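Fold and contact review
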Amino acid sequence: MASKLLLLGLLINLLIVKDAQSVGVCYGRNGYGLPSERDVVRLYQRNNITRMRIYDPHHPTLEALRGTNIELMIGVPNDRLQSLNDQNAANIWVRDNIQRYPNVRFRYIAVGNNVDPNNGNSRYVPFVLRAMQNVHNAVRAAGLGNQIKVSTATYTGLLGSSFPPSIGAFRDNVRGFIEPIIRFLSQNNLPMFANIYPYYANPNSNLPFALFTATQPVVIDNGGRQYFNLFDAMLDAHYAAQARLGGGNVEIIVSESGWPSSGGPVATIGNAGTYYRNLIAHVRGTRGTPLKPGRSIETYLFEMFDENRKPGIEVERHFGIFTPNQQPKYGQLSFN
Ligand SMILES: *[C@@H]1O[C@H](CO)[C@@H](O)[C@H](O)[C@H]1NC(C)=O
């Protein structure tokens, strides 16, 4: 009886903790003067951030995570995809970067990021699915299949239509790439990861819609679904696009979302602070999206620090939520 009660208590505890942990933060290292990996992990802990996404199997970061309760999404960089088309190489990757760290809480492996037949990453297209399958096989062979879910991180650029959300569809020339991936995810009960940025979706046209401050629905879609924010609209467009290819039940985890503080007209400290605060409140709540209501939305904020050594357009260097000296850029964000 006592043990049953204990079990029940544990179960309730787990359920509560799961909801409270739905927001993580991406940790990219391409900035000047960033804290050491150990200090970064302490910063996560002090701020009650219990999930982290990293983009490569960086051993100093993995060392710093040992023995912590931070749950990790780890990436296979795009330039490793081709080599992991060999099963043996995938086994070695999992051995060296996962099995060597038994006291790191790996939860997801993102095999490739933003691979797109229509952008500069198109050369990786032929290698994504096989690398995912091989890494998935290696994880299962290591006995970690129940703990670690393997997928790839995609983004809104693959969609040819997305507004209103119910017409969401992948571009025609993307289908041959994404459809077999969706089938693999569906057959193996794995989630899709999607990087979702209202900032890049022309927010100027309706800033309150993008910042979660609209007080009226901006679009009423099929069947009366009311959209008060662009984030939900974009996420549901991804769901609609997946459903068209037989993957309506593949859960989407938002592997990046953020707002820059500088580098463009609506890229301001004020807007970014509003976006992050409202995004956190929205995804931690159990409202869900109009298409997938009633549950929190697992989401990773982009990102811990400004990556001011990144090439590309100016805004890409201003997504940090902390300064390099570990001060919050937007005041205290509440992660629990
Ligand atoms: C972290 O969580 C603890 C316990 O709930 C709380 O007392 C503390 O204020 C939180 N810290 C931050 C920075 O939110």
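Residues numbered from 1 in each chain as written. Predicted model: local features only at pLDDT ≥ 70, side-chain atom pairs only at ≥ 80, totals over all residues. Heavy atoms only, no water.

Attention now goes to the confidence of the model for the protein. Per-residue pLDDT for the protein averages 94, and the proportion of residues at 70 or more is 94%. Segment residues 1-21: pLDDT under 50, and nine contacts once partners within four positions in sequence are set aside and those in other chains are kept. (pLDDT = per-residue confidence, 0-100. Contact = heavy atoms within 4.5 Å.)

Let's shift gears to the packing of aromatic side chains. Under the definition given, this model contains 15 aromatic pairs. Look at Tyr197 and Phe302: their rings are 6.1 Å apart centre to centre, the planes differ by 80°, and that puts the pair in the edge-to-face class. With Tyr197 in the loop between β8 (192-195) and α7 (207-210) and Phe302 in the segment after β12 (299-301), this residue pair connects regions lying 105 residues apart in the sequence. Of the two residues examined, Tyr197 and Phe302, each falls in the buried class. Ring centres of Tyr197 and Phe319 lie 5.7 Å apart, and the angle between their planes is 75°; this geometry places the pair in the edge-to-face category. Residue Tyr197 is located in the loop between β8 and α7, and its partner Phe319 is located in the segment after β12; the two are separated by 122 residues in the primary sequence. Owing to a relative accessible area of 2%, Phe319 belongs among the buried residues under this scheme. A cation over an aromatic ring shows up here: Lys292 above the ring of Tyr239, its NZ or CZ 4.9 Å from the ring centre. When the ring centre of Tyr32 is taken as reference, the NZ or CZ atom of Arg309 above it lies at 5.6 Å. (Phe/Tyr/Trp six-rings, centres within 6.5 Å; stacked < 30°, edge-to-face > 60°. Helix = DSSP H or I, 4+ residues; strand = E, 2+ residues; numbered from the N terminus. Buried < 20%, exposed > 50% of the residue type's maximum accessible area, 1.4 Å probe, protein only. Lys NZ or Arg CZ within 6 Å of the ring centre and 35° of its normal.)

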